[in-house]
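Coordinate inspection notes
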Amino acid sequence: MNGQLDLSGKLIIKAQLGDDIRRIPIHNEDITYDELLLMMQRVFRGQLQSSDEVTIKYKDEDDDLITIFDSSDLSFAIQCSRILKLTL
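The structure displayed is predicted, hence computed values, not measured ones. (Residues numbered from 1 in each chain as written. Predicted model: local features only at pLDDT ≥ 70, side-chain atom pairs only at ≥ 80, totals over all residues. Heavy atoms only, no water.)

**Points about the overall build of the protein chain**
- Counting secondary structure elements, the protein chain contains 2 helices and 5 strands.
- Ordering the α and β elements of the protein chain from the N terminus gives β-β-α-β-β-α-β.
- Counting across all 88 residues of the protein chain, residues that qualify as buried make up 31%.
- The long-range share in the protein chain, meaning contacts at least 24 apart out of those at least 6 apart in sequence, stands at 49%. (Helix = DSSP H or I, 4+ residues; strand = E, 2+ residues; numbered from the N terminus. Buried < 20%, exposed > 50% of the residue type's maximum accessible area, 1.4 Å probe, protein only. Contact = heavy atoms within 4.5 Å.)

So this is what it looks like as structure tokens:
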């Protein structure tokens, strides 16, 4: 291998909270909405509390921000894109 990570087939989440953007490789594509929320709280610890009301949105192919409300919304978003760009 030429020193590059093999990310083919992997799901990448790019999450943005304010000016802070994080890139997270996901190995389990059957991730639920609740697991995603917990992951975001860990990734943005200190900025995001478990008591905070969080709205998660993703950018679709038209660059529109689409709200993810539950696990079925999340599944659909994952099917649409291998790199999920989230805004919190």
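Past the structure itself, the notes keep going.
**Regarding the side chain of D60**
- Positionally, D60 belongs in the loop between β3 (56-59) and β4 (65-68).
- It turns out D60 is buried and unbridged, and the closest side chain with the opposite charge, K59, is 8.9 Å from it.
- Engagement of the side chain of D60 in a polar contact is seen with the backbone nitrogen of D64, the distance being 2.9 Å. (Lys, Arg positive; Asp, Glu negative; His and termini not counted. Salt bridge = Lys/Arg side-chain N within 4 Å of Asp/Glu carboxyl O. Polar contact = N/O pair within 3.5 Å; in protein donor to acceptor, adjacent residues only side chain to side chain.)

**Focus: the sheet that holds strand β5 (residues 83-87)**
- On the basis of which strands lie adjacent, the open sheet formed by 5 strands has the order β2-β1-β5-β3-β4 and mixed pairing. Edge strands, defined here as strands with exactly one partner in the open sheet, are β2 (20-26) and β4. Geometrically, the sheet is characterised by an average inter-axis angle of 30 degrees between neighbouring strands, direction not taken into account.
- Relative to β5, β3 runs antiparallel, the two sharing 2 bridges. Opposite Y58, over in β5, you have L86 as the bridge partner.
- Helix α1 (residues 33-43) rests against β1 (11-17), β2, β3, β4 and β5 of the sheet, and its axis sits at about 130 degrees to β2.
- Sheet contacts for helix α2 (residues 71-80): β1, β3, β4 and β5; angle to β4, the most-contacted strand, approximately 140 degrees. (Pairing = 2+ DSSP bridges. Axes fitted to C-alpha atoms, helices over the stretch in contact; angles between N-to-C directions.)

**Comments concerning the nonpolar core**
- One finds I13, M40 and L86 to be the most contacted residues of the largest nonpolar core, which totals 24 residues.
- The greatest single-element share of this core, amounting to 6 residues, is contributed by α1.
- Contact partners of I13, with chain neighbours within four places excluded, come to R22, R23, I24, I26, L36, M40, L84 and L86. (Core = buried A, V, L, I, M, F, W, Y, C linked by side-chain atoms within 4.5 Å.)

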